[in-house]
Amino acid sequence: MQDSTLPQVNTNTPQSSRILLNIEDYHQAAKEKLSKMTYDYYRSGADDELTLQDNINAYRRIKLRPRVFVDVSHHGTNSDTCSVTLLNGQTTCSLPILIAPTAMHRLADDRGELSTARAAVRANTVMILSSLSTTRLEDVAHEHQQALKEYPTSKSQLWFQLYIVKDREFTKRLVHRAEKAGFRALVLTVDACRFGNREADHRNGFRLPENMQLENLYDGDLKHAQSDHVSALNDFIARNLDASLTWSDIKWLRQITRLPIIVKGIMTSEDTQLAVEADVDGIIVSNHGARQVDTTLSTIEALPEVVAIVRGMQTKKKIDIYIDGGVRRGTDVLKAIALGADAVLIGRPVLWGLAVGGCQGVVDVFEVLKREFKLAVMLCGCASLPNNGKSSHLVAMPKSKL
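Quantities reported herein were computed from a predicted structural model and do not represent experimental measurements. (Residues numbered from 1 in each chain as written. Predicted model: local features only at pLDDT ≥ 70, side-chain atom pairs only at ≥ 80, totals over all residues. Heavy atoms only, no water.)

*Asks:* Explain the overall build of the chain here, please?
*Replies:* When you go through the chain residue by residue, the secondary structure sums to 14 helices and 14 strands. Considering only intrachain contacts with a sequence separation of at least 6, the fraction spanning at least 24 residues in the chain is 73%. Accessible surface, the chain: about 17,400 Å² in total, of which carbon and sulfur atoms supply 50%. (Helix = DSSP H or I, 4+ residues; strand = E, 2+ residues; numbered from the N terminus. Contact = heavy atoms within 4.5 Å. Areas by Shrake-Rupley, 256 points an atom, 1.4 Å probe, with all protein chains shown as cover.)

So this is what it looks like as structure tokens:
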């Protein structure tokens, strides 16, 4: 007998429905629904995809050290015990789990980013909209605002992921459009002077369908971002992203916006120190979903050195630390928080949920992770959420094999 409280999906297979219990279940259900080209685009990484696998496997190598006989009864009765406050009090989420910026949601669902924005409201979390979205940022903001009216207790926000391109006037217009539309922070990607070698896209001849385009890029000299090249994305990146960017360009961005600036793509202590000195508001430990340079550290392995630098430097404000890549279980979230992250970002799990069930599928993915995370918090004896890396005793890091 099936549990009616668990999500089910019609996969048009001989077994007409299945219970989806975890993120891998959603992954496999999405694989059956998506075209090979779309699935490979979402799933794949750079080169031999060693880092892609290690982002996930590194979490598995870290072991939890649960404490017992701790009163954790309030976690079962109070829905706010796992909420987090970010950006120095400007943002509140019901869970330390945010929606990472991922491109082209309409490949997974007809309503695409509109469905994801509505799901963010229902999940009471932040959605970071990709510059490479298949829906105009203004339309996403409108959908988000309408959903907030329907769910008035939600404190969901939209943040905007940004690439600084060679045409600075275009970048400035894009930033001002995001500000005007109500986005509450900028997430600047700093690890993409070019796109990595994604062989699956080349094999599949990846391109957007004729009824889709990268909506936020059709402006001025960037209107021809999509082409007949085997990869329209690579074409855009090669011709438009500025490979000469340095940390001084953060100052330029500060001059054109009052929004908080979070940098995405930090993996080393050296770059962490430069980011802090550049007065950023947050750092995302990220290897771009393992889609840029293969054989890098996994993000969870890089997290401790980033935390050590940020927490060890004297700053006038708290600098948030986020991490993406490889989060597939509630225990992964707990490990990241215990090691000092303020929140995690999930990308592919959101796309799997979107492909399976649109807005509801994304909400269901968050419910799965929420259920797993709260259970892990209780079973590990956490009376409150770990914070600032002061709960690293909860985890046992693997010894290096080098």
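*Asks:* What should I look at first to understand the UniProt feature "active site" (unreviewed entry) in the chain in this one?
*Replies:* Mapped onto this numbering, the UniProt entry gives "active site" (unreviewed entry) at His-288. Residue position: His-288 is located in the loop between strand S11 (282-285) and helix H12 (299-312). Discounting residues that sit within four places of it in the chain, His-288 has contacts with Tyr-163, Thr-189, Asp-191, Ala-192, Phe-195, Arg-198 and Lys-264. (UniProt positions renumbered as here; feature names shortened; annotations may be inferred.)

*Asks:* When you look at the packing of helix H7 (residues 168-181) against helix H10 (residues 249-256) in this model, what are you seeing that I'm missing?
*Replies:* Between two packed helices, what matters for the description is the angle formed by their axes and the separation of those axes. In the contact formed by H7 and H10, the axes pass within 10 Å of each other and the chain directions differ by 50 degrees. With respect to H10, the axis of H7 lies oblique. Considering the relative orientation of H7 and H10, their crossing is right-handed. On H10, the residues touching Arg-168, Thr-171, Lys-172, Val-175, His-176 and Glu-179 of H7 are Asp-249, Trp-252, Leu-253 and Ile-256. Grouping the constituent residues of the contact of H7 with H10 by class yields 4 nonpolar, 2 polar and 4 charged. (Axes fitted to C-alpha atoms, helices over the stretch in contact; angles between N-to-C directions. Parallel < 35°, antiparallel > 145°, perpendicular 65-115°, else oblique. Left-handed = near helix turned anticlockwise from the far one by under 90°. Nonpolar A, V, L, I, M, F, W, Y, C, P; charged D, E, K, R; others polar.)

*Asks:* Could you clarify how one ought to interpret the pairing of strand S13 (residues 343-346) in this entry?
*Replies:* Along any regular strand the residues' side chains alternate between the sheet's two faces. Of the two faces of S13, the one holding Ala-343 and Leu-345 and the one holding Val-344 and Ile-346 are both buried throughout. As defined by bridge partners, strand S6 (residues 97-99) adjoins S13 across 3 bridges and the pair is classed as parallel. Within S13, the position partnered with Leu-98 by the bridge is Leu-345. Here strand S12 (residues 320-324) pairs with S13 via 3 bridges, running parallel. For Asp-324, the partnering residue across the bridge sits in S13 and is Leu-345. For the handedness criterion, the β-α-β arrangement of S12, helix H13 (residues 330-338) and S13 is classed as right-handed. (Buried < 20%, exposed > 50% of the residue type's maximum accessible area, 1.4 Å probe, protein only. Pairing = 2+ DSSP bridges. Right-handed = clockwise from strand over helix to strand, strands pointing away.)

*Asks:* Whenever I open this one, the packing of helix H2 (residues 36-43) against helix H14 (residues 348-379) confuses me. Can you help?
*Replies:* Two numbers describe how H2 lies on H14: the axes approach to 10 Å, and their chain directions differ by 155 degrees. On the basis of the axis angle, H2 is roughly antiparallel to H14. The residues of H14 that touch H2, namely those facing Tyr-39, Tyr-42 and Arg-43, are Arg-348, Leu-351 and Trp-352. Tallied by class, residues from the contact of H2 with H14 come to 4 nonpolar, no polar and 2 charged.

*Asks:* I would appreciate a short explanation of the nonpolar core in the present structure.
*Replies:* In globular proteins that are soluble, nonpolar side chains generally tend to be buried together. In terms of nonpolar packing, the biggest core is built from 125 residues, with Trp-159, Ile-283 and Tyr-322 touching the most fellow members. Ranked by residue count, the leading element in this core is H14, at 16 residues. Excluding residues that lie within four positions of it along the chain, Tyr-322 makes contacts with Leu-86, Leu-87, Leu-98, Trp-159, Ile-262, Gly-282, Ile-283, Ile-284, Val-285, Ala-343 and Leu-345. (Core = buried A, V, L, I, M, F, W, Y, C linked by side-chain atoms within 4.5 Å.)

*Asks:* Honestly, unusual backbone geometry in this entry has me stumped. Any pointers?
*Replies:* Negative phi is the rule for most residues except glycine; trans is the rule for most peptide bonds. The phi angle at His-288 is positive, at roughly 60 degrees, despite the residue not being glycine. Not every positive phi belongs to a glycine, and Ala-290 is a case in point at roughly 60 degrees. Here Ala-290 lies in the loop between S11 and H12.

*Asks:* Looking at this model, I keep getting lost on the environment of Gly-340. Mind explaining?
*Replies:* Relative to the helices and strands, Gly-340 is located in the loop between H13 and S13. In this structure the C-alpha to C-alpha distance between Gly-340 and Ile-321, which are 19 residues apart in sequence, comes to 7.5 Å.

*Asks:* Just checking my understanding: could you explain empty space enclosed by the protein for this structure?
*Replies:* On inspection of all chains with the given rule, the structure shows 3 cavities of 30 Å³ or more. Put simply, the largest cavity is a space of about 430 Å³. In terms of lining, the largest cavity is formed by 29 residues, of which the most central are Pro-101, Thr-102, His-288, Gly-289 and Arg-291. When contributions to the lining of the largest cavity are tallied by element, the ones reaching two or more residues are H2, S13 and H14. For the lining of the largest cavity, the leading source of residues is H14, giving 3 residues. (1 Å grid on protein atoms, 1.4 Å probe; cavity = no way out; pocket = protein on both sides within 12 Å on 5 of 7 lines; lining within 4 Å. Points joined across faces, edges and corners; volume = space filled by probe spheres on them.)

*Asks:* In this structure, what is going on with the side chain of Asn-216? I would like to understand it.
*Replies:* With respect to the secondary-structure elements, Asn-216 resides in the loop between helix H8 (199-204) and helix H9 (232-240). Residue Asn-216 is classed as buried on the basis of its relative accessible area of 0%. A polar contact of 2.8 Å, which involves the side chain of Asn-216, links it to the side chain of Ser-133. Apart from residues no more than four positions distant in its own chain, Asn-216 is found in contact with Leu-129, Ser-130, Ser-131, Ser-133, Thr-135, Arg-136, Leu-137, Phe-160, Phe-170, Leu-174 and Arg-177. (Polar contact = N/O pair within 3.5 Å; in protein donor to acceptor, adjacent residues only side chain to side chain.)

*Asks:* Sorry, what's going on with the environment of Leu-245 here?
*Replies:* Within the fold, Leu-245 resides in the loop between H9 and H10. C-alpha of Leu-245 to C-alpha of Cys-193: the two residues are 52 residues apart in sequence and 8.1 Å apart in space. Ignoring anything within four residues of it in the chain, the contact list for Leu-245 reads Ile-164 and Arg-168.

*Asks:* Would you take a moment to explain the layout of surface pockets for this structure?
*Replies:* A probe matching the size of a water molecule, rolled over the atoms, marks out where space remains unfilled. What the largest pocket holds in volume is close to 530 Å³. The residue makeup of the lining of the largest pocket, split by class, is 15 nonpolar, 8 polar and 4 charged. Empty space within the second largest pocket amounts to approximately 410 Å³. Listing elements by their share of the lining of the second largest pocket, those giving two or more residues are helix H1 (23-33), helix H3 (50-61) and H14. When residues in the lining of the second largest pocket are grouped by element, the largest group, 7 residues, is from H3. For the lining of the second largest pocket, the per-class residue count stands at 5 nonpolar, 7 polar and 7 charged.

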